[in-house]
Amino acid sequence: MTDTHLPVTDITTTDLRRTPFHRLLCVEARKLVDTRCGSIVASILLVLVLASIVSRGVVFGPDLHTLVGTAGIGYGTLLPVLGILSVTGEWVHRTALTTYALEPHRWRVPAARCLLSLIVAVAASLFALLVAVPVTGVVANVRNVPATWEITPFMLAGWTGTNVLLVVAGLALGMLLLNAPAAIVIWLSAPVLWSVVKRLGAGGEVAAEWLDLNSTTSPLAAGDMTGGDAARLAVSTIFWIVVPLTVGALRVIRKDVN
Amino acid sequence: MIEFSHVSKVYRNVKALDDVSFTVEAGSITGFVGPNGAGKSTALRILVGLARPTTGTATVLGRPYTELGCPGLQVGTLLDAGAQHPGRTGREVLTLGAMMLGLPKSRVDEILDLVGLSGGESRRAVGGYSLGMRQRLGVGHALLGRPRVLVLDEPANGLDPQGIQWMRGLLRDLADLGSTVLLSTHLLHEVEQVADHIVMIGRGRVLARGTVGELGRGRSLEQTFLELTADADRSAA
């Protein structure tokens, strides 16, 4: 018998206050990539971004704006899936028992995840820019054509904001359903569903125009929002993010963990 | 140290716990025994704030668990050894726990040593672990924060005889040093050998409590247990 578990924590000298929020954030960040599944999704994402930017650069030519936007195609699909997996895994594998035994103030865990997905989306956007800049330069040099560097900070911010919204929407959907297959299927089939809805007469067209997050975010991503675009974006954000996130968070907070 | 006071839990129309009251004193091991479905796990989950009682209160160290600040430093819990992400390694599970509690990385190695999962085993994914290995990992996770109170749900399940003997020694040492241990089990022979006090539960009600000697009254704990649970079943029917 070793005495490595001794003595017990001295409560007179130890800081017994709540776990600081930054610690929760670090733990959740680590959980994103510390399983086989998480690390596979993350590496696929990195490879996909690299490959798509390089190949688009070769085919399309050295246009920074186009190349940065190329990464968004992968991000819009896979980052939300990573978000879905991060919230649902806990209930599938029942690690929620451990998570919420260590953090009984449950709302702090989804809050950390929301902030984390925001950070991940911003970091991913920067990564795309970091890849696109040298690719644009190299392609222009190799082909001996002038590079188009035109990209406004407004465009870049709008595109990054789009990535953030899409990731948080994935997270919200995952939290609402707490079921990875269902959430992923809904997320991936949403574009198809909306294109069907659009063809269901005038009503369907209006619904798709106001609620399809992929189309309402495209003016934001392109950096040319009008007042009407902003209203449509707000409505679809309430529909895809605010409502499911609120309902999902309340459910996670109140649920008996089994 | 641990106190259940008139705790009831009703799921739709099933009464999972019915007016459960008992206390666990510091420096002792209390065995919480009952047949499957008696309400043991429900009671332990209520104790650590994972489920809400319909009525009544449960406290640890004089306070509701959810008000303990950073509870992992005072109360160690193992609620289900099987509840692990299969793709994470044993070492990673402990590393996440140590991070949450603000403990140094060295604590992970100490614990891996303590529970006998050092070397290659700790670097394998938990999905490939036997139930006994998961139990060792779970007990190690509970001990990370050097807690004064331990709440363990079926910790001996799936352990081999060496494992059971190891667990017995570990819990005895902890209790002798002043820790409070509440463990649920249906392994009556085991609990007889390790526990100081017994709380018997059946169909959500406390059927009996006392020291092992008091409850056995010269017979085996098993006989008392079978009699009491049969009575509870009859009166419920």
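Cut-offs and rules
- Residues numbered from 1 in each chain as written.
- Chains lettered and ligands numbered in written order.
- Predicted model: local features only at pLDDT ≥ 70, side-chain atom pairs only at ≥ 80, totals over all residues.
- Heavy atoms only, no water.
- Helix = DSSP H or I, 4+ residues; strand = E, 2+ residues; numbered from the N terminus.
- Rg over C-alpha atoms; globule rule 2.2 N^0.38 Å.
- Buried < 20%, exposed > 50% of the residue type's maximum accessible area, 1.4 Å probe, protein only.
- Contact = heavy atoms within 4.5 Å.
- Areas by Shrake-Rupley, 256 points an atom, 1.4 Å probe, with all protein chains shown as cover.
- Domains from an automatic or database assignment.
- Buried area = accessible area lost by both parts, 1.4 Å probe.
- Salt bridge = Lys/Arg side-chain N within 4 Å of Asp/Glu carboxyl O.
- Polar contact = N/O pair within 3.5 Å; in protein donor to acceptor, adjacent residues only side chain to side chain.
- Axes fitted to C-alpha atoms, helices over the stretch in contact; angles between N-to-C directions.
- Parallel < 35°, antiparallel > 145°, perpendicular 65-115°, else oblique.
- Left-handed = near helix turned anticlockwise from the far one by under 90°.
- Nonpolar A, V, L, I, M, F, W, Y, C, P; charged D, E, K, R; others polar.
- Phe/Tyr/Trp six-rings, centres within 6.5 Å; stacked < 30°, edge-to-face > 60°.

Describing the overall build of chain B
- Along its length, chain B carries 8 helices and 9 strands.
- The C-alpha radius of gyration of chain B comes to 18 Å, within 12% of the 18 Å expected for a compact globule of 237 residues.
- For the C-alpha atoms alone, the extent of chain B along its principal axes is close to 50 × 35 × 35 Å.
- Residues classed as buried in chain B amount to 57% of the 237 residues present.
- For chain B, the proportion of contacts with a sequence separation of at least 24, taken over those separated by at least 6, is 67%.
- Total accessible area on chain B is roughly 9,300 Å²; 49% of this is exposed by carbon and sulfur atoms.

A short note on the overall build of chain A
- Helix and strand counts for chain A come out as 11 helices and 0 strands.
- Starting at the N terminus and ending at the C terminus, chain A contains elements arranged as α-α-α-α-α-α-α-α-α-α-α.
- Taking the principal axes of its C-alpha atoms as reference, chain A extends roughly 75 × 50 × 30 Å.
- The proportion of buried residues among the 258 residues of chain A is 46%.

Description of the domain arrangement of chain B
Residues and elements named next belong to chain B.
- Here the domain parsing of chain B yields domain 1 (2-74 + 150-236) and domain 2 (82-146).
- A C-alpha centroid distance of 24 Å is found between domain 1 and domain 2.
- Listed by partner, the interface residues are 15 residues for domain 1 and 13 residues for domain 2.
- Surface buried jointly by domain 1 and domain 2 totals about 1,100 Å² across both partners, of which 70% is contributed by carbon and sulfur atoms.
- For domain 1, the biggest contributors to the area lost against domain 2 are L73, W166 and L170; these three give 39% of the whole.
- One can count 0 salt bridges joining domain 1 with domain 2.
- At the junction of domain 1 with domain 2, the criterion picks out 4 residue pairs in polar contact (both at pLDDT 80 or more).
- For the side of domain 1 that touches domain 2, the elements supplying multiple residues, two or more each, are β6 (149-153) and α5 (161-176).

Comments concerning the packing of helix α2 (residues 36-60) of chain A against helix α3 (residues 64-92) of chain A
All names here are of chain A.
- One can describe the packing of α2 onto α3 by two numbers: an axis separation of 8 Å at closest approach and a directional angle of 165°. Here α3 runs roughly antiparallel to α2, going by the angle between their axes. Crossing of α2 against α3: the hand is right-handed. Residues C37, G38, V41, I44, L45, L48, V49, S52, I53, R56, G57 and F60 of α2 form the contact with α3, whose participating residues are T66, L67, T70, A71, G74, Y75, L78, L79, L82 and L85.
- In terms of residue class, the contact of α2 with α3 is made up of 15 nonpolar, 6 polar and 1 charged.

Let's talk about the packing of helix α5 (residues 108-143) of chain A against helix α6 (residues 153-177) of chain A
Residues and elements named next belong to chain A.
- Between α5 and α6, the shortest axis-to-axis distance is 9 Å and the interhelical angle comes to 145°. α5 and α6 meet at a crossing whose hand is right-handed. For the pair α5 and α6, the contacting residues are P110, R113, C114, S117, L118, A121, V122, S125, A128 and L129 in the first and L156, W159, T160, N163, V164, V167, V168, L171 and M175 in the second.
- The residue makeup of the contact of α5 with α6, split by class, is 14 nonpolar, 4 polar and 1 charged.

What to know about the packing of aromatic side chains
- Across all of its chains, the model carries 6 aromatic pairs over all chains by this definition.
- Ring plane angle 35° and centroid distance 6.3 Å describe the contact between Y75 of chain A and W159 of chain A, whose orientation is recorded as tilted. Residue Y75 of chain A is located in helix α3, and its partner W159 of chain A is located in helix α6; the two are separated by 84 residues in the primary sequence.
- On the basis of an interplanar angle of 25° and a centroid distance of 4.7 Å, the ring pair of F4 of chain B and F22 of chain B is categorised as stacked. Note that F4 of chain B is positioned in strand β1 (residues 2-11) and F22 of chain B in strand β2 (residues 14-24), a separation of 18 residues in sequence.
- On the accessibility criterion, F4 of chain B (2% relative accessible area) is buried.
- Of the residues examined, F22 of chain B reaches a relative accessible area of 2% and is grouped as buried.
- In textbook terms, an aromatic cluster arises when at least three aromatic residues are bridged by ring pairs, as seen for W187, F239 and W240 of chain A.

Things to note about the side chain of T217 of chain A
Residues and elements named next belong to chain A.
- Assignment of secondary structure puts T217 in the loop between α9 (213-216) and α10 (218-222).
- A distance of 2.7 Å separates a polar side-chain atom of T217 from the backbone oxygen of L213.
- A distance of 3.2 Å separates a polar side-chain atom of T217 from the backbone oxygen of N214.
- With near-sequence residues (within four places) excluded, T217 lies in contact with T162, L165 and L233.

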